[in-house]
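Coordinate analysis (summary)
Chain by chain, the residues:
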Amino acid sequence: MQPYKTFVQILLVAGTAVMMTSCHHSDAKAKVKIPTPKKYALATVVKQPLATSLQLPGVLEAFEKVSIFPKVNGFIKTVAVDRGSHVHKGQLLLQLEAPEIMEQYLAAQSRYLQASALYAASKDNFERMLATSETPGTIAPHDLEMARAKMLADSALMNTEKSNLAAAQVMKGYLIVTAPFDGVITERNIHPGALVGPATKVDDKPMLMLEQEGRLRLVLQVPEILSAQLKEAAPVTFQVNALPGTTFRGAISRQAGTLSDRYRSEAVEIDVPNKDNSLKSGMYAEVTLPVDGSAKAVVVPGSAVVASTERKYVVVVKDHHAKWIDVQEGNHHNDSTEVFGDLHEGDQVIAVATDEIKEGAIIE
């Protein structure tokens, strides 16, 4: 009986253990909680261009700028200007001397005078023979034709020598260098007596540098995403570090119409009058530029855009569930941001979104 009693006790203990385990699992299942929807402030997506202003760095450049190099070989005879000289169009800047060029000019002039005299003589002879030939039997037709041919040959020779003289005169003209436009001499690298020429440039430095400072160009690079939003002749303002507290005004004068391969931006120029010479070429400026925004963009609160290391997105709420939508940002103005993506007017987004809001989360 004793073994039977022991066996019964073992069965009772085992049954009790099984019942306790079952109860434990039931209690565990009963403790599983259903996710509680979280509450977030929502914002409505608006479709409208977001006009704003953009601040970009720019640089002032001379409206016209030219490096003056020698066209012919020669010695510097006189230099009529120096660094800082204000000159007018056509004013003498410097003069070279080259005896061989003068000799070539004089020789060409002599050959032209000689050819011109020969042509005048042959022309006179032909006209006399032509007048005499009106009397029958006085001049043989062959002699008249030969006189005419001589006149035409002398005419061609004269025209050739005339062209040679004109070319020599052009070469002679290169010895006198004049200003191509009104401006200021900003660089001088030669002095009287120096030998200059196309093959004697030192470090590619010009003889003179001429810049127009009464009118400047303000050049800036506009990023690709904003270049299509610029208006022709849109007003701009800018400031320079050298004149703090002074605001200058202008308008967009021209756009490059193409993007730089290096910077992925478009060059924009503003013409700047500078009659008092208060601004200098080379100054850096901080430009405030108006942009109209993109008609294809939608607007959301700036805090609705989540920027992670991998992507930018907004959290859209559809059927009480969170959905991540990838976007690209455009203009910013106050607390609003232009975005481009699979968003539509009237969509609801979480106004203050963070990466802690998981996709698919239940939103109340």
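Attention here is on the structure that accompanies the text. Just so it is clear, the structure is predicted and the values come from calculations on it, not from any experiment.

On a plain count of helices and strands, the protein chain comes out with 4 helices and 21 strands. For the protein chain, with 364 residues in total, the buried portion stands at 33%. Intrachain contacts of the protein chain at a sequence separation of at least 6 include 76% that bridge at least 24 residues. On the protein chain, roughly 22700 Å² of surface is accessible, and the fraction owed to carbon and sulfur atoms is 55%.

Now for the side chain of aspartate 271. Here aspartate 271 shows up in strand β14 (residues 265-273). Residue aspartate 271 is classed as buried on the basis of its relative accessible area of 17%. A polar contact is formed between the side chain of aspartate 271 and the side chain of arginine 215, at a distance of 3.1 Å. Those residues in contact with aspartate 271, other than ones at most four positions away along the chain, are Phe63, Arg215, Leu216, Ala251, Ser253 and Arg254.

Here we come to the nonpolar core. Formed by 24 residues in total, the largest nonpolar core has its most connected members in Phe238 and Leu279. Secondary structure elements with two or more residues in this core: β2 (52-62), β11 (215-223), β12 (235-240), β13 (248-259), β14 and β15 (284-291). If sequence neighbours within four positions are ignored, leucine 279 has contacts with Leu60, Leu216, Phe238, Val240, Leu243, Phe248, Val272 and Asn274. If you look at the next biggest cluster of nonpolar residues, it comprises 21 residues, including Val87, Leu93, Ala98 and Leu208.

One closed barrel accounts for 6 strands, arranged β2-β11-β14-β13-β12-β15; its pairing is antiparallel. When the angles between neighbouring strand axes are averaged without regard to direction, this sheet yields 40°.

Another aspect to go through is the side chain of arginine 188. Here arginine 188 is to be found in strand β8 (residues 183-188). For arginine 188, the side chain forms a polar contact with the main-chain oxygen of valine 81, separated by 3.2 Å. A distance of 3.3 Å separates polar atoms of two side chains, one belonging to arginine 188 and the other to aspartate 82. Look past the residues within four positions of arginine 188 in its chain and what remains in contact with it is Val79, Val81, Asp82, Arg83, Met207 and Leu208.

Now for the sheet that holds strand β10 (residues 208-211). Reading across the sheet, the 4 strands line up as β3-β10-β8-β5 and stay open at both edges, with antiparallel pairing between neighbours. For this open sheet the edge positions go to β3 (65-68) and β5 (86-87), each flanked by a neighbour on one side alone. Note that β5 and β8 share 2 bridges and pair antiparallel. Within β8, the position partnered with histidine 86 by the bridge is valine 184.

Looking now at helix α2 (residues 99-132). Along its 34 residues, α2 runs 50 Å from first to last C-alpha, staying within 8% of the 50 Å computed at 1.5 Å per residue. Inspection of α2 places Ile101, Tyr105, Ala108, Tyr112, Ala115, Tyr119, Ser122, Phe126 and Met129 among the buried residues, and these make up the whole buried set. For α2, the elements touching its buried residues are α3 (141-173).

Another point: the pairing of strand β19 (residues 321-333). Of the pairings in the sheet, the one linking strand β18 (residues 312-318) to β19 comprises 6 bridges and is antiparallel in character. If you follow valine 315 over to β19, its bridge partner there is tryptophan 324. Here β18 folds back onto β19, and the loop between the two strands holds 2 residues, one of which, aspartate 319, carries a positive phi near 55°. Looking at chain direction, β19 and strand β20 (residues 336-341) are connected through 5 bridges and run antiparallel. The residue of β20 that forms the bridge with histidine 333 is serine 336.

Relative to each other, α2 and α3 sit at 160°, their axes nearing to 7 Å. As judged from the angle between their axes, α2 and α3 are roughly antiparallel. In this structure, the crossing between α2 and α3 has a hand that is left-handed. Grouping the constituent residues of the contact of α2 with α3 by class yields 19 nonpolar, 8 polar and 9 charged.

Another point: the pairing of β14. Within a regular beta strand, the side chains point alternately toward one face of the sheet and then the other, so they alternate between its two faces. Most of β14 sits inside the fold, with 7 of its 9 residues counted as buried. Where β11 meets β14, 9 bridges bridge the pair, whose relative direction is antiparallel. Across the sheet, residue proline 223 finds its bridge partner in β14, namely serine 265. Here 4 bridges tie β13 to β14, and the two strands are oriented antiparallel to one another. Residue pairing in the sheet places arginine 254 in a bridge with glutamate 269 of β14. Counting the residues between successive antiparallel strands, the hairpin from β13 to β14 contains 5 residues, one of them, arginine 264, with a positive phi of roughly 55°.

Thresholds, definitions, all that
- Residues numbered from 1 in each chain as written.
- Predicted model: local features only at pLDDT ≥ 70, side-chain atom pairs only at ≥ 80, totals over all residues.
- Heavy atoms only, no water.
- Helix = DSSP H or I, 4+ residues; strand = E, 2+ residues; numbered from the N terminus.
- Buried < 20%, exposed > 50% of the residue type's maximum accessible area, 1.4 Å probe, protein only.
- Contact = heavy atoms within 4.5 Å.
- Areas by Shrake-Rupley, 256 points an atom, 1.4 Å probe, with all protein chains shown as cover.
- Polar contact = N/O pair within 3.5 Å; in protein donor to acceptor, adjacent residues only side chain to side chain.
- Core = buried A, V, L, I, M, F, W, Y, C linked by side-chain atoms within 4.5 Å.
- Pairing = 2+ DSSP bridges.
- Axes fitted to C-alpha atoms, helices over the stretch in contact; angles between N-to-C directions.
- Expected span 1.5 Å × (residues − 1).
- Parallel < 35°, antiparallel > 145°, perpendicular 65-115°, else oblique.
- Left-handed = near helix turned anticlockwise from the far one by under 90°.
- Nonpolar A, V, L, I, M, F, W, Y, C, P; charged D, E, K, R; others polar.

By themselves these figures say nothing about function.
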